[in-house]
Amino acid sequence: MKTAAIIAEYNPFHNGHKYQIEETKRQTGANFIVVVMSGDFVQRGIPAMYSKTFRTRSALLSGADLVIEMPIFGTLSAAQDFARCGVSLFHHMGMIDVLSFGSESGNIEELWQLANHSALETNEQSALIREGLRSGLTYPQALTLAKKETVPASPNDILAVEYLKALKEFSSDISPWTLKRSDPGYHSEDRNGSFASATAIRKAVFSKDLEFLTAVLPDSHFECMKESEIPLFPNDFSLLLNQKILTSDLEKLQNIFGMPGDLAAKLYKNRLEFFRADTLTALRKDRQYTYARVSRALMNLMLDISVEDQCMFADLFRAPWIRILGFKRSSSLLLSELKRHCDIPVIAKTADAKNILSSSAYELFKKNLTASELTRMVRELKSGKSQKNEFTQAPVMIP
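Residues numbered from 1 in each chain as written. Predicted model: local features only at pLDDT ≥ 70, side-chain atom pairs only at ≥ 80, totals over all residues. Heavy atoms only, no water.

Q: Just to check I follow, could you spell out a nonpolar patch on the surface for this structure?
A: Nonpolar side chains collect at one region of the surface, where Leu246, Leu272 and Phe274 lie side by side and expose about 320 Å² of accessible area between them. Relative to the helices and strands, leucine 272 resides in the loop between α14 (261–269) and α15 (277–284). Overall, the relative accessible area of 64% leaves leucine 272 in the exposed class. (Patch = residues over 30% accessible without salt bridge, like charges linked within 9 Å, V, L, I, M, F, W, Y side chains within 5 Å. Areas by Shrake-Rupley, 256 points an atom, 1.4 Å probe, with all protein chains shown as cover. Salt bridge = Lys/Arg side-chain N within 4 Å of Asp/Glu carboxyl O. Helix = DSSP H or I, 4+ residues; strand = E, 2+ residues; numbered from the N terminus. Buried < 20%, exposed > 50% of the residue type's maximum accessible area, 1.4 Å probe, protein only.)

Q: Is there a simple way to explain the nonpolar core in this structure?
A: A general feature of soluble globular proteins is that nonpolar side chains tend to end up buried together. The biggest cluster of nonpolar side chains holds 81 residues, and the ones touching the most others in it are Leu66, Phe90 and Leu99. Membership of the second largest hydrophobic core comes to 20 residues, among which are Phe13, Ala64, Leu179 and Val396. (Core = buried A, V, L, I, M, F, W, Y, C linked by side-chain atoms within 4.5 Å.)

Q: How should the layout of surface pockets be read in this particular structure?
A: Once rolled over the atoms, a probe with the size of a water molecule shows which space is left empty. Empty space within the second largest pocket amounts to approximately 510 Å³. In this structure, the second largest pocket is lined by 23 residues; those nearest its centre are Ser51, Thr53, Glu229, Gln387 and Gln393. Sorting the residues of the lining of the second largest pocket by element identifies α2 (52–61) and α20 (359–383) as the ones contributing at least two each. For the lining of the second largest pocket, the residue count by class is two nonpolar, ten polar and eleven charged. (1 Å grid on protein atoms, 1.4 Å probe; cavity = no way out; pocket = protein on both sides within 12 Å on 5 of 7 lines; lining within 4 Å. Points joined across faces, edges and corners; volume = space filled by probe spheres on them. Nonpolar A, V, L, I, M, F, W, Y, C, P; charged D, E, K, R; others polar.)

Q: How should I be thinking about the pattern of salt bridges in this particular structure?
A: Close approach of charged atoms allows side chains of opposite charge to pair. Following the criterion strictly, the structure yields 23 salt bridges and no others. Note that arginine 181 is salt-bridged to glutamate 104, the shortest N-O span being 3.4 Å. On the criterion of sequence distance, the pair formed by arginine 181 in the loop between β7 (175–180) and β8 (191–192) and glutamate 104 in the loop between β6 (98–103) and α5 (108–117) is long-range, its members being 77 residues apart. With a closest N to O distance of 2.8 Å, lysine 252 and aspartate 304 form a salt bridge. With a gap of 52 residues between them, lysine 252 in helix α13 (residues 250–254) and aspartate 304 in the loop between α16 (291–302) and α17 (307–315) connect regions that are remote in the sequence. Within the structure, one salt-bridge network assembled from shared partners comprises Asp40, Lys52, Glu69, Arg323 and Glu390.

Q: What is the right way to read helix α4 (residues 79–93) from this model?
A: Note: α-helices contain 3.6 residues per turn, so residues at a spacing of three or four share the same orientation. Over its 15 residues, α4 extends 21 Å from the first C-alpha to the last, a length consistent with the 21 Å expected when each residue adds 1.5 Å. Burial of α4 is extensive: 13 of the 15 residues sit out of reach of the surface. Residue glycine 94 follows α4 closely and has a positive phi angle near 75 degrees. (Expected span 1.5 Å × (residues − 1).)

This is the structure in structure tokens:
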């Protein structure tokens, strides 16, 4: 039995994701595909458009065999810790043979070279970074310019490099495998046949461009749409976010994970000014901090994720549990192997978590549940339709 793994967000699940699953199986000879997927929030610091149940079902209908949830503490982190979390979960599962990920080059040797050199920073590069910041570049732009060939510019290659670094850090036996991306580019709003970037697809969902969506989303997406789930956007969380800023003192703001001190001071100073979430993020962004970093800090604030929470998460190797979101009944052998080899608790039923997790892991698990319930509340109020909560929603199962 050969099992390949994918770290994903599926925000939303599109034809490029389906192609990756199909090609991973075909080119690596994998019998099964296991996916670690972001839950209710994604790495860019925004809510996932569709629920994790919706996205899990779409992935399973398009070829995945098992989907597990990445804890919120991994999803709302920078690329390095996002990658560490996903790789750590697979490492502790003990039955993953291949890690599959997309990249711009599709060349694993080049990516290994980047991974081996990306942590190095010479005095000359440090000077170039400072010069870039003075000229008005953001820190990531200055870093990329300074390191030139040793740091990739594409967000997808940045993640690819972080996956490789994490595999090396864990001394993992999992073999990396990369697939050259087929879409027009991470930030592109163009379409290449039946492929488009997630950025372009989210824009089409917002504008309700059905023609575009029909071309780039698989049948599984529209099969799941029969449940009439509405998409969520950052501004749907504006009230929750503004309320949290208004009622937080400066010390609390400073103790939020990923919150720079000067950003905390700005939020506190302007706490009586209320903005929509996207406007607030744009106003607080400056050349030192990317939009995504500010957005992650704001979401961590909204969800009360502190520095101590992240330290506890790191102490648990960023893999405090395996939480099953869905699986194929035909892949029951995969579940048997998971139970036999996994060395961390496996949660299939939410109510069991208290009895099988350590006290520190359970405290983190409760915060993960709160993030999900806040998202459910926003979705219910926006749609006017009730949904199952974290205790009544069973894992998705398809034949």
